[in-house]
Amino acid sequence: MTSTTEGEVAPEDVLVALADPIRREVLTVLVREGGATSTSLAAGLPVTRQAVAKHLAVLDRAGLVRAHRAGREVRYEADLQPLRQATHWMNALATQWEHRLAAIKDLAEGATGP
């Protein structure tokens, strides 16, 4: 597990949550519509409301959704900050690899040069 600061979600939690195509679709719908209930989400997906509730729980643990109770109804909204944090982490990792590969290339080209 990656160490995170207060309020941040570990990148692997976000990646695990987004590994499932149904969860990606749930998040897409929440972003597009600005929020929804598990019942309204299930109406547009090939899974039951109970399955949607389980997917929402995974997205919630990753910090990607927030639940708001309005009377008997629970509405969910997307929170993309953990996704931005994971993207930042992946970009930093990619930059490190680019530097390493450039160093290897320089070494290889130097070894075969005149």
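Bear in mind that the values here come from a model prediction, so they are computed numbers and not experimental data.

Caption draft 1: Inspection of the nonpolar core at higher detail. Counting residues in hydrophobic clusters, the biggest one holds 23 residues, and the most contacted among them are Val26, Leu30, Leu41, Leu56, Leu64 and Val65. At the level of elements, α1 (11-18), α2 (21-33), α3 (38-43), α4 (49-61) and β3 (73-78) are the ones that each hand at least two residues to this core. Tallying contributions element by element places α2 first for this core, with five residues. Among all residues touching Val26, those that are not within four sequence positions of it are Leu41, Leu45, Leu56 and Leu59.

Caption draft 2: A look at the packing of α2 against α4. Two numbers describe how α2 lies on α4: the axes approach to 10 Å, and their chain directions differ by 80°. Considering their axes alone, α2 and α4 lie roughly perpendicular with respect to each other. The segment α2 lies against α4, with Ile22, Arg23, Val26 and Leu30 engaging His55, Leu56, Val58 and Leu59. Here the contact of α2 with α4 is composed, by residue class, of six nonpolar, one polar and one charged.

Each value, and the rule that gives it
Residues numbered from 1 in each chain as written. Predicted model: local features only at pLDDT ≥ 70, side-chain atom pairs only at ≥ 80, totals over all residues. Heavy atoms only, no water. Core = buried A, V, L, I, M, F, W, Y, C linked by side-chain atoms within 4.5 Å. Buried < 20%, exposed > 50% of the residue type's maximum accessible area, 1.4 Å probe, protein only. Helix = DSSP H or I, 4+ residues; strand = E, 2+ residues; numbered from the N terminus. Contact = heavy atoms within 4.5 Å. Axes fitted to C-alpha atoms, helices over the stretch in contact; angles between N-to-C directions. Parallel < 35°, antiparallel > 145°, perpendicular 65-115°, else oblique. Nonpolar A, V, L, I, M, F, W, Y, C, P; charged D, E, K, R; others polar.

Purely geometric stuff here, so don't read any function into it on its own.
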